[in-house]
Amino acid sequence: MDRVMADCRRFESDSNCQLTIIGPEDDVVAAAAQHAAASHGHEDTRELREQLRAMLEPESAYAPGERTPVPFPG
Ligand SMILES: [Zn+2]
């Protein structure tokens, strides 16, 4: 199974969050949903998980260091 990335550096956040989660897709979606709820005030809902799943990038897109954030969609 391909590994994928959910990268908080990609989006603007109040906390300027620098967390990057990489792993199998289902694990990344679950961890990202829990993180979004715990740290970003989102509700861990099926809709959130679907939104997160749509934002995943391939593991190969990972680059260390800073990333210029864009507004969180929706
Ligand atoms: Zn975050």
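Scroll up for the structure.
This section reports on the structure supplied with the text.

Cut-offs used in this document
- Residues numbered from 1 in each chain as written.
- Predicted model: local features only at pLDDT ≥ 70, side-chain atom pairs only at ≥ 80, totals over all residues.
- Heavy atoms only, no water.
- Donors = N, O, S within 2.8 Å, 3.2 Å for Na, K, Ca; no water.
- Buried < 20%, exposed > 50% of the residue type's maximum accessible area, 1.4 Å probe, protein only.
- Helix = DSSP H or I, 4+ residues; strand = E, 2+ residues; numbered from the N terminus.
- Arc of directions from axis to C-beta.
- Contact = heavy atoms within 4.5 Å.
- 1 Å grid on protein atoms, 1.4 Å probe; cavity = no way out; pocket = protein on both sides within 12 Å on 5 of 7 lines; lining within 4 Å.
- Points joined across faces, edges and corners; volume = space filled by probe spheres on them.
- Nonpolar A, V, L, I, M, F, W, Y, C, P; charged D, E, K, R; others polar.

## Some words on the coordination of the zinc ion
- Note on the zinc ion: its protein donors are C8 (SG), C17 (SG), H35 (NE2) and H40 (NE2). The metal-donor distances range over 2.0 to 2.3 Å.
- Here the donor residues of the zinc ion share one chain and are spaced in sequence as C-x8-C-x17-H-x4-H.
- For H35, a relative accessible area of 14% translates into the label buried.
- By relative accessible area, H40 is classed as partly exposed at 23%.

## Considering helix α1 (residues 25-40)
- Residues of α1 that are buried: V28, V29, A32, A33, H35 and A36. Buried residues of α1 fall within an arc of 165° about the axis and therefore sit on the same side. Exposed positions of α1 whose direction lies more than 90 degrees from the buried face are D27 and A38.
- If you follow the buried residues of α1, they end up packed against β1 (3-7), β2 (20-24) and α2 (46-55).
- Of the residues trailing α1, G41 is marked for its positive phi of about 75°.

## Considering the layout of surface pockets
- Taken as a whole, the largest pocket holds about 300 Å³ of empty space.
- If you trace the largest pocket, you find 20 residues lining it, with C8, F11, H40, L52 and F72 closest to the centre.
- Every element with two or more residues in the lining of the largest pocket is listed here: β1, α1 and α2.
- At four residues, the largest contribution of residues to the lining of the largest pocket is made by α1.
- When its residues are assigned to classes, the lining of the largest pocket shows 12 nonpolar, four polar and four charged.

By themselves, these are just geometric observations and shouldn't be taken as functional.
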